[in-house]
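This is what each chain is made of:
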Amino acid sequence: MTILLKSLRNLKTIQTQSIITRNICVSLRVDNNQTTSAGATEHYDIIIGGGGLVGTALAAALSKNKTLADKKVLLLEGAPPFKGFDVSKPYGNRVSAINKKTIALFESIGIWERMTNARVKPVKQMQVWDANSDALINFQHDHFADDVACIVENDLMLDSICNQLNENAPNVIVRNLSRIADVKLPSKTGKSSSEVTLQSGEKFSCELLVGADGANSLVRKEMAVDVFSMDYKRMGLVATLELCEAGDNSVAWQRFIPTGPVALLPLTDKLSSLVWSTTVPHAKELLNMTPEQFVDALNEAFCKEFPKSDVAVKALDVLNSMLGQNTNTLRQYPPRVAGVMEKSRATFPLGFLHASSYVRPGAALIGDAAHRVHPLAGQGVNLGFSDVSFLVEALAEGTYAGAKLGDMQYLTKYEQRALTKNVPIIVGIHGLHTLYTTTFSPVVLLRSLGLQLTNNIPQIKDIFMKRAMG
């Protein structure tokens, strides 16, 4: 955790100093006459490396900001053009639970209405419980007056952003099949600009280079910042599920079982999306099961009575008695799963990553290039979109004040705001993963009491909800 401590010290220094001075985007408005030869260098104000959800969102947000709308932006993506989203086709298996801050960003760049007109599922309540003790917590607003989150397919988000760029972002050029081979920051170029060389040999320069190029970020490596990373030796399995009965499916369910959390996210009254975190051998086994075997294993994961910690159960009984609560009356049970959609099962590795700093002169990191978290809290993509909002805000402030885009005074403001938001959430998620990957009785006792107390003390619960909802 040395790097996280460095981030915290860095944040403290920033706050106390007086500052002196991949889902891929559609190929958009690429002018073939603008391609550069191997010996020429074309200049842009901002170059974004990485055209996934966070990189494309940054390009759209820059184009919609009145102060930055005249800046020349180049978005580079190594993969082929995104094929687009078809609302008539079955639901995709990669979805995100987006919070209010992300929705506000989508509204500001003009895509939220487009998404809600397609298919977005509001979540009114979320129930989380521990299989080793039956401790639980429910998240919802009073009288269900507001949404806890909204479930959106990643492809729908990307398609909406790409359409916005195509229709309303004349200052943004998007290039697909453009893999970055080399990066040089001002500290190496000896100039005030950063330089990017593609595998094709084409070269570009810019005032600000933004790394949105994922966990293996080339931009981050060139920035030479310390990185703390960890392989959880776990896999996430996703799938699209059919429920036994249609109904008011507006509750998200998550159960912590000994192998890891398993979650159901509502899509429609009859469909849900699965995110199951488990061991690598178990994930491979689940992936190779017949649909019938898989459905049985999933229903068992939500309903099976796992061995409980006697100490934790007794302590919870005492706590609930003192608080006048009956856990059984609070608990709801998830709908049974009837089937899994064909070819919807897929797996991905789980891990942790955090960069000690998000900025260098002429460069900044956003999204997975800066941080990567476990999906158990559904915060990964929200943190990336939050980075976008903070970076655009800081760049607009700097531009209005007459500063260069790569000026460290304003890049540091972005870093300060992002670290203040991200570090507590990242540390909390990593801590939850650590706590819930053991059945050691003292740990089960502590986490169960913490979960139940949080559920029963509104002031603490509200803090968690506000953090999660942005």
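Here the structure is a predicted model, which is why all the values come from computation and not from measurement.

Draft legend 1. Summary view of the overall build of the chain. In terms of regular secondary structure, the chain is built from 15 helices and 20 strands. Taking all 470 residues of the chain together, the buried fraction comes to 54%. On the chain, roughly 20,400 Å² of surface is accessible, and the fraction owed to carbon and sulfur atoms is 53%.

Draft legend 2. Region of interest: the side chain of K121. Mapping K121 onto the fold places it in strand β4 (residues 121–123). Here K121 falls in the buried class, since its relative accessible area comes to 14%. A distance of 3.3 Å separates a polar side-chain atom of K121 from the backbone oxygen of N249.

Draft legend 3. Inspection of the environment of L446 at higher detail. One can find L446 in helix α14 (residues 441–456). Relative accessible area serves as the criterion here: at 61%, L446 is assigned to the exposed category.

Draft legend 4. Region of interest: the nonpolar core. Core analysis: the largest hydrophobic core is formed by 109 residues, its most contacted members being I48 and Y414. Other than its neighbours up to four places away in sequence, Y414 contacts Y358, V359, A364, L365, I366, D387, F390, L391 and A394. In terms of nonpolar packing, the next biggest core, distinct from the first, is built from 25 residues, L243, M289, F294 and A297 among them.

Draft legend 5. Geometry of the confidence of the model for the chain. Across the chain, pLDDT averages 88, with 88% of residues at or above 70. Across residues 12–38 the pLDDT falls below 50, and counting only partners more than four positions away or on other chains, this stretch makes 64 contacts in the model.

Draft legend 6. Focus on unusual backbone geometry. At D134, a residue that is not glycine, the phi angle is positive and equals roughly 70°. Note on placement: D134 falls in the loop between β5 (125–130) and β6 (136–140). Residues other than glycine seldom take positive phi values, yet L177 does so here, at roughly 50°. Relative to the helices and strands, L177 is located in the loop between β8 (172–175) and β9 (180–184). Judged by its relative accessible area of 62%, L177 is exposed.

Draft legend 7. Representation of the packing of helix α2 (residues 53–64) against helix α5 (residues 154–168) in the model. Look at α2 against α5: their axes get within 10 Å of each other, and the N-to-C directions meet at 35°. α2 and α5 meet at a crossing whose hand is left-handed. Contacts between α2 and α5 pair L53, T56, A57, A59, A60, S63 and K64 from the former with N154, M157, L158, I161, Q164, L165 and N168 from the latter. Residue classes in the contact of α2 with α5 are distributed as eight nonpolar, five polar and one charged.

Draft legend 8. How the structure looks around a nonpolar patch on the surface. A cluster of nonpolar side chains, L453, I457, I460 and F464, forms an exposed patch at the surface whose accessible area comes to about 310 Å². Mapped onto the fold, I460 is located in helix α15 (residues 458–468).

Draft legend 9. Structural detail: the environment of L316. By the secondary structure assignment, L316 is in helix α10 (residues 310–323). Accessibility expressed as a relative area gives 4% for L316, which makes it buried. The spatial distance from the C-alpha of L316 to the C-alpha of L449 is 6.6 Å, given a sequence separation of 133 residues. Sequence-distant contacts of L316, defined by excluding residues within four places in its chain, comprise S133, D134, A135, S448, L449 and Q452.

Draft legend 10. Summary view of α2. The first and last C-alpha atoms of α2 sit 17 Å apart over 12 residues, in line with the 16 Å expected at 1.5 Å per residue. For α2, the set of buried residues is L53, V54, G55, T56, A57, L58, A59, A60, A61, L62 and S63.

Draft legend 11. The pairing of β8, seen in detail. Burial along β8 is two-sided: V172 and V174 facing one way and I173 and R175 facing the other are all buried. Summarising the sheet, strand β2 (residues 73–76) and β8 pair through four bridges and their orientation is parallel. Opposite L75, over in β8, you have V174 as the bridge partner.

Draft legend 12. Inspection of the sheet that holds β4 at higher detail. Taken in spatial order, the three strands line up as β3-β7-β4 in an open sheet, and their pairing is antiparallel. Looking at which strands have only one partner, the edges of the open sheet turn out to be β3 (95–98) and β4. Here the strands of the sheet are splayed against their neighbours by 30° on average, with no regard to which way each runs. Relative to strand β7 (residues 149–153), β3 is paired through four bridges, and the arrangement is antiparallel. Bridging from a neighbouring strand, S96 pairs with V152 of β7.

Draft legend 13. Quick look at the side chain of D159. Along the chain, the position of D159 falls in helix α5. For the buried D159, no salt bridge is present, and the opposite-charge side chain at shortest range is R114, 6.1 Å distant.

Draft legend 14. The pairing of β6, seen in detail. Of all five residues that make up β6, four are buried, and the element is covered over most of its length. Summarising the sheet, β5 and β6 pair through five bridges and their orientation is antiparallel. Residue pairing for β6: V128 is matched across the bridge by I137. Connecting the antiparallel pair β5 and β6 is a turn made up of five residues, with D134 showing a positive phi of about 70°.

Draft legend 15. Here's a closer look at the packing of aromatic side chains. Applying the stated criterion to the full structure yields eight aromatic pairs. For the pair F256 and Y436, a centre-to-centre distance of 3.9 Å together with 20° between the ring planes defines the contact as stacked. Of the two residues, F256 sits in strand β13 (residues 251–257) while Y436 sits in the loop between α13 (408–435) and α14, which places them 180 residues apart along the sequence. According to the relative accessible area criterion, F256 is buried, its value standing at 5%. Aromatic pair W276 and F294: ring centres 6.5 Å apart, planes at 50°, arrangement tilted. Here the residue W276 occupies a position in strand β15 (residues 271–279), and F294 occupies one in helix α9 (residues 291–303), the gap between them amounting to 18 residues.

Analysis parameters
Residues numbered from 1 in each chain as written. Predicted model: local features only at pLDDT ≥ 70, side-chain atom pairs only at ≥ 80, totals over all residues. Heavy atoms only, no water. Helix = DSSP H or I, 4+ residues; strand = E, 2+ residues; numbered from the N terminus. Buried < 20%, exposed > 50% of the residue type's maximum accessible area, 1.4 Å probe, protein only. Areas by Shrake-Rupley, 256 points an atom, 1.4 Å probe, with all protein chains shown as cover. Polar contact = N/O pair within 3.5 Å; in protein donor to acceptor, adjacent residues only side chain to side chain. Core = buried A, V, L, I, M, F, W, Y, C linked by side-chain atoms within 4.5 Å. Contact = heavy atoms within 4.5 Å. pLDDT = per-residue confidence, 0-100. Axes fitted to C-alpha atoms, helices over the stretch in contact; angles between N-to-C directions. Left-handed = near helix turned anticlockwise from the far one by under 90°. Nonpolar A, V, L, I, M, F, W, Y, C, P; charged D, E, K, R; others polar. Patch = residues over 30% accessible without salt bridge, like charges linked within 9 Å, V, L, I, M, F, W, Y side chains within 5 Å. Salt bridge = Lys/Arg side-chain N within 4 Å of Asp/Glu carboxyl O. Expected span 1.5 Å × (residues − 1). Pairing = 2+ DSSP bridges. Lys, Arg positive; Asp, Glu negative; His and termini not counted. Phe/Tyr/Trp six-rings, centres within 6.5 Å; stacked < 30°, edge-to-face > 60°.

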